[in-house]
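# Close look at the chain arrangement
So the chains spell out like this:
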Amino acid sequence: MTPAESPSGRVVDPVSGAGVGGSAVFAPMDAESRTWVADLTSRGEAREDAIGRLHALMLRMARAEAARRSGWHGIRGAELDDVANQAADDAVVSILRKVTEFRGESRFTTWAYAFAVHEVSGKLGRHVWRRDGVQLDEEGWNQVPARLGGDPASVSESRELVEALRTAVDHVLSPLQRRVFVGLVVDGVPLDVLAVELGSTRNAIYKTMFDARRRLRRHLVAHGYLDGTDAG
């Protein structure tokens, strides 16, 4: 049996379900992801049911993402829920438009989550992702230094350290390092989701985060804000 072409344009082995493109061979899609794609690209009642399930999933994800960012934007209650609903609606539209491009390199839900993250980010203001500075509330900033290796009991009381960290994030990190640091450390975006949103890979994001953390620690150690015994 010869390979066939999938809706996304890649060649698919009809037995294994694996994609074959030139010398590259893509891993077969997991069963749940195959079901999502099949239902969303079908017609009639099956597609409508899948869209309903997808919207419910996007709404849960959007609400969680919006709530995670609550310390940044100050939006609460019905207004925040309205933002989440708009984000879910737009995420579903984008997913339906691009579902045939899904290649199964991650789980479908991970891929879809990136759309919810993107839409929530846009609705709440992309300024938190841009290089003109990260605007966290005081509680958010106070929680970050301990993740860089400081003693939580002491760093939480050090306003000088918090201010130094603000400056370091704005001026020491590269734009990409800043986006990754904010996404992983402050927003709590899952690494796989951030990789999809940035069009990168898990390993590349991990490496960027490692370099950002090391650069921040070195800066804080050099200026006397952290102990340098394990600065790296």
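Residues numbered from 1 in each chain as written. Predicted model: local features only at pLDDT ≥ 70, side-chain atom pairs only at ≥ 80, totals over all residues. Heavy atoms only, no water.

## Remarks on the layout of surface pockets
The following threshold applies: Whether a set of points on the 1 Å grid over the protein atoms alone is a cavity depends on a 1.4 Å probe fitting there but being unable to get out, while an open set qualifies as a pocket with protein on both sides within 12 Å along at least five of seven lines; lining residues are those with an atom within 4 Å of a point. Grid points are joined across faces, edges and corners, and a volume is the space filled by probe spheres set on the points. Comment: elements are numbered from the N terminus, with helices defined as DSSP H or I runs of at least four residues and strands as E runs of at least two. Charged means Asp, Glu, Lys or Arg here, nonpolar means Ala, Val, Leu, Ile, Met, Phe, Trp, Tyr, Cys or Pro, and polar covers whatever is left, Gly included. Segment limits for the domains were obtained from an automatic or database-derived domain assignment.
What the largest pocket holds in volume is close to 600 Å³. Around the largest pocket, the lining is made up of 26 residues, and of these S106, W111, A195, V196 and E197 lie nearest the centre. Counting only elements with at least two residues in the lining of the largest pocket, the list comes to α4 (77-98), α5 (108-124) and α10 (191-197). Per element, the largest residue contribution to the lining of the largest pocket is six residues, and it comes from α5. A class-by-class count of the residues in the lining of the largest pocket yields six nonpolar, eight polar and twelve charged. Both domains that meet at the lining of the largest pocket, namely domain 1 (4-132) and domain 2 (140-222), each give it at least three residues.

## Observations concerning the nonpolar core
Worth spelling out the cut-off: Definition of nonpolar core: a set of buried residues of the types Ala, Val, Leu, Ile, Met, Phe, Trp, Tyr and Cys, connected through side-chain atoms within 4.5 Å. Buried, partly exposed and exposed residues are distinguished by accessible area as a fraction of the type maximum, computed with a 1.4 Å probe on protein chains only: under 20%, between the cut-offs, and over 50%, respectively. Contact between two residues is taken to exist if any of their heavy atoms lie within 4.5 Å; hydrogens are not considered.
Of all hydrophobic cores here, the largest spans 56 residues; its most connected members are L40, L54, M58, I95, F108 and F181. Elements supplying a minimum of two residues to this core: α1 (31-40), α2 (45-68), α4, α5, α8 (159-171), α9 (175-186), α10 and α11 (202-222). Residues in contact with I95, not counting those within four places in the same chain, are L54, M58, F108, W111, A112 and F115.

## Details of α2
The test is simple: Multiplying 1.5 Å by the residue count of a helix minus one yields the expected span of that helix.
Look at α2: 35 Å from first C-alpha to last across 24 residues, which is about the 34 Å you get at 1.5 Å a residue. Taken together, the buried positions of α2 are occupied by A50, I51, L54, L57, M58, L59, M61, A62, E65 and A66.

## Structural notes on the packing of aromatic side chains
What counts here: Ring geometry is summarised as follows: Phe, Tyr and Trp rings, the Trp one being its six-membered ring, pair when their centres sit within 6.5 Å, and such pairs are stacked at plane angles under 30 degrees, edge-to-face over 60 and tilted between the two. Two thresholds decide whether a charge sits over a ring: the Lys NZ or Arg CZ must be within 6 Å of the ring centre and within 35 degrees of the ring normal.
Following the criterion strictly, the structure yields five aromatic pairs and no others. A centroid spacing of 5.3 Å and a plane angle of 20° characterise the contact between W36 and F108, whose relative ring orientation is stacked. Of the two residues, W36 is situated in helix α1 and F108 in helix α5; the sequence distance between them amounts to 72 residues. Accessibility assignment for this pair places W36 and F108 in one class, buried. Cluster of aromatic residues (ring-pair linked, three or more members): W36, F102, F108, W111 and F115. The ring of W36 carries the charged tip of R53 above its face, separated from the ring centre by 4.8 Å.

## Comments concerning the pattern of salt bridges
Formally: Definition used for salt bridges: Asp or Glu carboxyl oxygen within 4 Å of a side-chain nitrogen of Lys or Arg.
A full pass over the atoms with the stated rule returns nine salt bridges. One salt bridge connects R53 with D39, and the closest N-O pair in it is separated by 3.1 Å. Residue R53 is found in helix α2, and its partner D39 is found in helix α1; the two are separated by 14 residues along the sequence. The salt bridge partner of E105 is R103, with a shortest N-O separation of 3.7 Å. Residue E105 is classed as exposed on the basis of its relative accessible area of 59%. Look at the salt bridges and you will find they share partners, linking D30, E32 and R107 into a network.

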